[in-house]
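# Inside the fold
Each chain is listed here by its residues.
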Amino acid sequence: RLSEVSAGRYTEDLLRGLEVIGRRAAALARFMQSYARLVRLPPPRLGRVDVAAWIRRTVDLETRAEVAITGGPPLAIPGDPDQLDQLLINLVHNAVEASAETGGGVRIAWTASGNTIAIAVEDDGHGVADTANLFVPFFTTKPTGSGIGLVLARQSAEAHGGSLIVRNRKAGRGAEAVITLPAS
């Protein structure tokens, strides 16, 4: 049992410690916001991107596992080839890592509807445990992750007038990343 003097010191120490933690957390939050502003992509330099060639080029870079291209219609879209390459490389990399944990596969397909194209990267991994933090800069669940890959991928999709969502698959285990981009 603590004496009144000891309890008072303990409370003082506890409050001082919490104050230090609060100041450090605020400083780290400011640092992360500043750093995140530095990690903005330049505006895309638009050209024509052949979708099948773009996906084939990305799949050919992945050497850790076979990635199945399940196809889609032949088409070209407006886009910055370098930014779109990096976007898809990141998603394929994540999918291969997730599938390696379960011995599952990775597939890429695309569909066109009206003036929109959707590219889906599916994996047979464990799925996404917490979708709320996926696009929070510097948040990662990977031991060697940086927490900026999905943030930059989404920035790239949005800079092209599209979007990126990552969710658990509805049919089967694993996750899917869906890039939606204007087709014209």
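The rules behind these values
- Residues numbered from 1 in each chain as written.
- Predicted model: local features only at pLDDT ≥ 70, side-chain atom pairs only at ≥ 80, totals over all residues.
- Heavy atoms only, no water.
- Helix = DSSP H or I, 4+ residues; strand = E, 2+ residues; numbered from the N terminus.
- Buried < 20%, exposed > 50% of the residue type's maximum accessible area, 1.4 Å probe, protein only.
- Contact = heavy atoms within 4.5 Å.
- Expected span 1.5 Å × (residues − 1).
- Polar contact = N/O pair within 3.5 Å; in protein donor to acceptor, adjacent residues only side chain to side chain.
- Pairing = 2+ DSSP bridges.
- Axes fitted to C-alpha atoms, helices over the stretch in contact; angles between N-to-C directions.
- Patch = residues over 30% accessible without salt bridge, like charges linked within 9 Å, V, L, I, M, F, W, Y side chains within 5 Å.
- Areas by Shrake-Rupley, 256 points an atom, 1.4 Å probe, with all protein chains shown as cover.
- Salt bridge = Lys/Arg side-chain N within 4 Å of Asp/Glu carboxyl O.
- Arc of directions from axis to C-beta.
- pLDDT = per-residue confidence, 0-100.
- Core = buried A, V, L, I, M, F, W, Y, C linked by side-chain atoms within 4.5 Å.

## Let's talk about the overall build of the chain
Of the regular secondary structure elements, the chain holds four helices and seven strands. Starting at the N terminus and walking to the C terminus, you meet the elements of the chain as α-β-α-β-β-α-β-β-α-β-β. By the burial criterion, 32% of the 184 residues in the chain qualify as buried. When contacts within the chain are restricted to residue pairs at least 6 apart in sequence, those whose partners lie at least 24 apart make up 70%.

## Some words on helix H3 (residues 81-100)
Here H3 spans 28 Å end to end across 20 residues, near enough to the 28 Å set by a 1.5 Å rise per residue. Along H3, the residues classified as buried are Gln83, Leu84, Asp85, Leu87, Leu88, Asn90, Leu91, Val92, Ala95, Val96 and Ser99. Sitting at the amino-terminal end of H3 is Asp80, which places a side-chain oxygen 3.0 Å from the backbone nitrogen of Asp82.

## A few points about the sheet that holds strand E7 (residues 175-182)
Read from one edge of the open sheet, five strands run E2-E4-E5-E7-E6, paired in mixed fashion. The open sheet has two edge strands with one neighbour each: strand E2 (67-71) and strand E6 (163-168). Pairs of neighbouring strands in the sheet enclose a mean axial angle of 20°, with direction left out of account. By the bridge criterion, seven bridges tie strand E5 (residues 116-123) to E7 in an arrangement that is antiparallel. Among the inter-strand pairings, Ile117 is bridged to a residue of E7, identified as Leu181. Along the sheet, H3 contacts E2, strand E4 (106-113), E5, E6 and E7; its crossing angle with E5, the most-contacted strand, is approximately 25°. Along the sheet, helix H4 (residues 149-159) contacts E6 and E7; its crossing angle with E6, the most-contacted strand, is approximately 135°.

## A look at the pairing of E5
Side chains on a regular strand alternate between the two faces of the sheet. One ladder, built from eight bridges, connects E4 with E5; its direction is antiparallel. When the sheet's bridge partners are listed, Ala109 is paired in E5 with Ala120. Here E4 folds back onto E5 in antiparallel fashion, the turn holding two residues, of which Gly114 has a positive phi close to 60°.

## What to know about a nonpolar patch on the surface
Taken together, the side chains of Tyr10, Leu14, Leu15, Leu18 and Ile21 present a nonpolar region at the surface, about 540 Å² in accessible area. Topologically, Leu14 is positioned in helix H1 (residues 4-38). A relative accessible area of 43% means that Leu14 is categorised as partly exposed.

## Some remarks on helix H2 (residues 51-61)
Looking at H2, one finds that the buried residues are Val51, Trp54, Ile55, Thr58 and Val59. For H2, the angular spread of the buried residues around the axis is 125°, confining them to a single face. Here H2 starts with a cap whose side-chain oxygen sits 3.2 Å from the backbone nitrogen of Ala52, and that cap is Asp50.

## Brief notes about the confidence of the model for the chain
Detailed reading of the predicted coordinates is not advisable wherever pLDDT falls low. Mean pLDDT over the chain stands at 85; residues scoring 70 or higher make up 83%. Mean pLDDT across the secondary structure elements of the chain bottoms out at H1, with 78, and peaks at E5, with 97.

## Examining the nonpolar core
If you look at the biggest cluster of nonpolar residues, it comprises 32 residues, and the most contacted ones within it are Trp54, Ile77, Ile119, Leu164 and Ile179. Secondary-structure elements contributing two or more residues to this core are H2, H3, E4, E5, H4, E6 and E7. If you tally residues by element for this core, the top one is H3, at seven residues. Those residues within four positions of Ile179 in sequence are excluded, and the remaining contacts are Leu87, Leu88, Leu91, Ile117, Ala118, Ile119, Ala157, Ser163 and Leu164.

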